[in-house]
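Coordinates in review
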Amino acid sequence: MSTTVLPSPPPNAPPRVPFFRREIDRLFDRLMMYDGKAEIIDGRIVIMSPAGAWHNLVSTEIAFALREYARRVKKGRAITDNATFRVDLPHRESFSPDAAYHIGPMAKLGPYLGAPVFAVEVRSPGESGPRWEKILADKREDYFACGTQVVWDVDLQSNDVVRVYRASKPDEPTIYRPGDVAEAEPAVPGWTMSVNDLLPEDWSPDATE
């Protein structure tokens, strides 16, 4: 992944001195004009890989199911892939989940303000092994620090297709496999989705996108 680097904040300065805040605001202006998926991490625009076919289909199915739920309960919004959520951590200023459910204010022309209550991260090919488990765990920790209640880790190359992590028990995921019905309690009360609805017709746990 490629990055656009900002100057670091002055040595020993508080995390959000006015100088650095102005630079972050300018970086968001550039991010919102970027035609692609990216997040702001450590003062850099981090470009994310384009989604493969399966990846895209899964994130779309989840977003559509969330949209039906939001319309039914008349609360919140279903967010599709490539949206930007602006947050305020010392090392991270934005998220761009693959799908999400958000109950905050409407974004209008800028990014959504604050993290979604429910976020979905669909793994791309190669995102496995100890290094990636650490990367994904760190990102979930960031989500929870910003107020996200539930994060789905969707892995189409595993029989453990959906791992549901909750802020209340961040290290004890609930695992859903083919044939199961997954949920996102307490972030999306009463909402469920069949794991089979996420699986392409020719799915197998050792396939790639």
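Computed from a predicted model, the values in this text were never measured in an experiment. (Residues numbered from 1 in each chain as written. Predicted model: local features only at pLDDT ≥ 70, side-chain atom pairs only at ≥ 80, totals over all residues. Heavy atoms only, no water.)

1. Thoughts on the pairing of strand β9 (residues 118-122)
Short version of the rule: Relative accessibility under 20% of the residue-type maximum defines a buried residue, over 50% an exposed one, and the middle range a partly exposed one, all with a 1.4 Å probe and only protein chains included. Working definition: helices are DSSP H or I runs of at least four residues, strands are E runs of at least two. Numbering for both runs from the N terminus. Between any two strands, at least two bridges found by DSSP are needed for them to pair.
Burial analysis of β9 places five of its five residues in the buried class, which makes it a mostly covered element. In the sheet, strand β7 (residues 99-102) pairs with β9 via three bridges, with the strands oriented antiparallel. If you follow Y101 over to β9, its bridge partner there is F118. In this structure, β9 lies alongside strand β10 (residues 150-154), joined through five bridges in parallel fashion. Directly across from V122, in β10, lies its bridge partner V154.

2. Quick look at the confidence of the model for the protein
We apply this condition: pLDDT: the predictor's confidence for each residue, scored from 0 to 100. Residues are treated as being in contact if the distance between any of their heavy atoms lies within 4.5 Å.
For the protein, mean pLDDT is 84; residues scoring 70 or higher make up 84% of the total. Counting interchain partners and residues more than four positions distant, the pLDDT-below-50 stretch residues 1-10 has 25 contacts.

3. Notes on the sheet that holds strand β11 (residues 162-166)
Put simply, the rule reads: In this analysis, axes come from line fits to C-alpha atoms, helices being fitted only over the stretch in contact, and the angle between any two N-to-C directions falls in the range 0 to 180 degrees.
Pairing is mixed in the open sheet, where six strands are placed in the order β4-β7-β9-β10-β11-β12. Taken across any chain shown, the strands that pair with only one partner, and hence form the sheet edges, are β4 (77-79) and β12 (169-176). Looking at each pair of strands side by side, their axes are set apart by 20° on average, direction ignored. The sheet contacts of helix α2 (residues 53-73) involve β4, β7, β9 and β10, and relative to β7 the element is tilted by about 20°.

4. What about the side chain of D98?
The condition that has to hold: Whenever a nitrogen or oxygen atom comes within 3.5 Å of another N or O atom, the pair is scored as a polar contact, on the condition that within protein one atom can donate a hydrogen and the other can accept it, and that pairs from neighbouring residues in sequence are kept only if both atoms are in side chains.
Along the polypeptide, D98 turns up in the loop between β6 (94-95) and β7. You can call D98 buried: its relative accessible area is 3%. Polar side-chain contacts of D98 include one of 2.6 Å to the backbone nitrogen of V122. Apart from the residues within four sequence positions on either side, D98 is in contact with K37, H55, S59, T80, D81, V120, E121 and V122.

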